[in-house]
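# Examining the three-dimensional arrangement
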Amino acid sequence: MADRTDIVEVEELSKNFGQLTAVDRVSFKVNGGEIFGFLGPNGAGKTTTINILCTLLRPTSGRALVNGYDVIKQRTQVRCSIGLVFQDPTLDEYLTAEQNLNFHAYAYGIPKDIRRKRMRELLELVELWDRRKNRVRTYSGGMKRRLEIARGLLHHPKVLFLDEPTLGLDPQTRRRIWDYILALRQQEELTIFLTTHYMDEAENCDRIAIIDYGRIVALDSPDKLKDNVGGDLVSLKAENTEAAIAELKESYHLEPVTENGMVTFNVPHGETFLPDFIRSFNSHLLSISVRRPTLDDVFIKLTGRAIREQEVGLRDQMRTMMKGHR
C-alpha cells in the first residue's frame, strides 16, 4: 500500500433515530490505500456509518474526517474526495451508460477533454466500453453494478465507498465484481471502504471491523481475527462420546463442545497437532478432521450467534416496530 496516512478518522461517532441507537460511539481509522471492511448483519449500523462519512447523515455526536475534511463542517470537500456506490441502484435506466457518466462528470465539473479520456479508461476497465451506447435498462445486474463503480471513480476520488457492492448478485457475478474492485485498487491507488455481510467477501479486506448492534466488537486483519478464535478447529466422532470428552479434558486440558454427535475443540497449528494426537488418543475414533477458523467462527465467538440468526432477529424486530405504528 502506497500511502499509510489515515485517510478516514472516526472518533466516538454516534447516530440516534429517536430511541434507536444505530451507531454507538464507534472509533476507528482507515489507512490510505487499504481495503477496509465493515462486517456485520443487516441493521448493525454499517450503512448508517457510511452515510455519515459520505455527508448524507449528520451524526448525533462524535467526529469524523475523510481525506482530512470534517464531514459536518466541510461537506463539499468531503464529497469531492469520495466516490460512492449505494446498496440500491441509482442509475437512470432510460439513459445510456455514456449519458449517465456524462451527467455525473458535469455535476463534478470535470472538463470535457479530461472527461472523455477518463470515461473510456473506466468503461474499458469494467468491460463496458462496447456497451456504452446502450440504455442501462438493457444491462444485467452485474453490468449495472460495474457501471456504478465506474461512475463513482470518474472524478478521481481518494476514497471509494461501496455499500454491499454485490448484494443480490449471483456467486459468479460477485466474483467478477471483486476482480474489478481489486484491479481498481491497484490501478487507481485509492482507498476502498466497503460494507458486507458476506463472509467470503470480507476475506478480501486488509482489515475488518466487525460491527454488532452499532458497536465495533473487533478490528484487525482477517487472519489475526481468526487466530483470536483460539487456533484451528478439530472435529471428531468417537465410539464413546462421553469417554472421548473426558479424555480431552483430563489428558489434553481442552474444553470440547458437542453438536450433532460431533466433538469439537480448538488447538494451535491443527495439522501438526493431529498426527501425534491420533496415535496417543485412547478413545476409539470413527472420524476426525481439522480446519482453519472462518470469519463465521469469529463472529459467533464475539457475538454468540451467526449473522443469519441476527438477520432473522432484526426482521422480527422491524415487524414488531411496524405493528406498533399501525
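Within each chain, residues carry numbers counting from 1 in the order of the written sequence. Selection of residues for local features in this predicted model requires a pLDDT of at least 70, selection of side-chain atom pairs for listing and counting requires 80 or more, and totals for whole chains, interfaces and linings are taken over all residues. Side-chain metrics in this entry use all non-hydrogen atoms of the structure; hydrogen atoms and water are not considered.

What follows covers the pattern of salt bridges. Definition used for salt bridges: Asp or Glu carboxyl oxygen within 4 Å of a side-chain nitrogen of Lys or Arg. As enumerated under the stated definition, the model contains 26 salt bridges in all. In this structure, Arg25 and Asp24 form a salt bridge, with 3.1 Å as the shortest nitrogen-oxygen distance. Taking relative accessible area as the criterion, Arg25 reaches 47% and is therefore assigned partly exposed. Burial classes: relative accessible area under 20% of the type maximum marks a residue as buried, over 50% as exposed, and values in between as partly exposed (1.4 Å probe, protein chains only). Judged by its relative accessible area of 17%, Asp24 is buried. Close ionic contact of Glu201 with Arg174 constitutes a salt bridge, the shortest N to O distance being 3.9 Å. Taken together, the residues span a long stretch of sequence, with Glu201 in helix H7 (residues 199–202) and Arg174 in helix H6 (residues 171–188) at a distance of 27 residues. Numbered from the N terminus, helices here are DSSP runs of H or I no shorter than four residues, and strands are runs of E no shorter than two.

Take the sheet that holds strand S2 (residues 20–31) next. Two strands make a pair as long as DSSP finds a minimum of two bridges between them. With respect to topology, 4 strands assemble into an open sheet ordered S2-S1-S4-S5, the strand pairing being antiparallel. Where the open sheet ends on each side, the last strands, each with one partner, are S2 and strand S5 (69–70). Residue contacts are defined here by distance: any two heavy atoms, one from each residue, within 4.5 Å place the two residues in contact. Interaxial angles span 0 to 180 degrees and are taken between N-to-C directions of axes, which are lines fitted to C-alpha atoms, for helices over the stretch in contact. Those strands touched by helix H1 (residues 46–53) are strand S1 (6–17), S2 and strand S4 (61–66), and its axis lies near 120 degrees from that of S1.

So, on to the state of the cysteines. A pair of cysteine sulfur atoms is labelled a disulfide when the two atoms are within 2.5 Å. All told, the structure shown has 0 disulfides when counted by the stated rule. The thiol sulfur of Cys54 is not disulfide-bonded, and the nearest other cysteine sulfur, from Cys80, lies at 13 Å. Given the relative accessible area of 2%, Cys54 is considered buried. For Cys80, a relative accessible area of 46% gives the class partly exposed.

One broad rule of soluble globular proteins: the nonpolar side chains tend to lie buried together. Grouped together as the largest cluster of nonpolar side chains are 44 residues, with contacts concentrated most on Leu147, Ile149, Leu160, Leu162, Ile192, Ile208 and Leu295. Top contributing element to this core by residue count: helix H5 (residues 141–153), with 5 residues. For Ile192, the residues in contact, after removing those within four places along its chain, are Glu34, Ile35, Phe36, Leu160, Leu162, Ile181 and Arg185. Core analysis: the second largest hydrophobic core is formed by 26 residues, Val30, Phe38, Ala44 and Val159 among them. We define a nonpolar core as any set of buried Ala, Val, Leu, Ile, Met, Phe, Trp, Tyr and Cys residues linked to one another through side-chain atoms lying within 4.5 Å.

So, about the pairing of strand S3 (residues 35–39). For S3, the buried fraction is high: 5 of the 5 residues fall into the buried class. In S3, alternate side chains face the same way, and those of Ile35, Gly37 and Leu39 on one face and Phe36 and Phe38 on the other are all buried. The pairing of S3 with strand S8 (residues 191–196) spans 5 bridges and is parallel. Opposite Ile35, over in S8, you have Ile192 as the bridge partner. Here S3 pairs with strand S9 (residues 207–212) via 4 bridges, running parallel. Considered in S9, the bridge of Phe36 is made with Arg207.

Once that is clear, we can look at the packing of aromatic side chains. Pairing of aromatic rings covers Phe, Tyr and the six-membered ring of Trp, with a centre-to-centre limit of 6.5 Å; geometry is then stacked below 30 degrees between planes, edge-to-face above 60, and tilted otherwise. Under the defined criterion, the tally for this structure stands at 14 aromatic pairs. Pairing Phe265 with Phe273 gives two aromatic rings, centres 6.2 Å apart and planes at 75 degrees, and the pair type is edge-to-face. Under the relative-accessibility criterion, Phe265 is labelled buried at 2%. Each residue in the set Phe28, Phe36, Phe38, Phe161 and Phe193 is aromatic and connected to the rest through ring pairs, giving one cluster. Two conditions define a charge sitting above a ring: the NZ of Lys or the CZ of Arg must be within 6 Å of the ring centre, and it must be within 35 degrees of the ring normal. One residue, Arg132, lies across the ring of Trp129, its end atom 3.8 Å from the ring centre. The ring of Tyr198 is capped by Arg174, whose NZ or CZ atom sits 3.8 Å from the centre of that ring.

Before going further, it helps to examine the side chain of Lys226. Mapped onto the secondary structure, Lys226 falls in helix H8 (residues 222–227). Setting aside its immediate chain neighbours within four residues, Lys226 contacts Glu203, Arg292, Pro293, Thr294, Leu295 and Val298.

So, on to H6. Helix length check: H6, at 18 residues, gives a terminal C-alpha distance of 25 Å against a target of 26 Å (1.5 Å per residue), a fit within 8%. The inward-facing, buried residues of H6 contact S3, helix H4 (112–125), H5, strand S7 (159–163), S8 and H7. As used in this structure description, the phrase polar contact means that two N or O atoms lie within 3.5 Å; if the pair is within protein, one of them must be able to donate a hydrogen and the other to accept it, and residues adjacent in sequence are counted only when both atoms belong to side chains. For H6, the side-chain oxygen to backbone nitrogen distance between the N-cap and Gln172 is 3.1 Å, and the N-cap itself is Asp170. Two residues or fewer after H6 comes Glu189, characterised by a positive phi angle close to 50 degrees. In this scheme, a helix's expected span is set at 1.5 Å multiplied by one less than its residue total.

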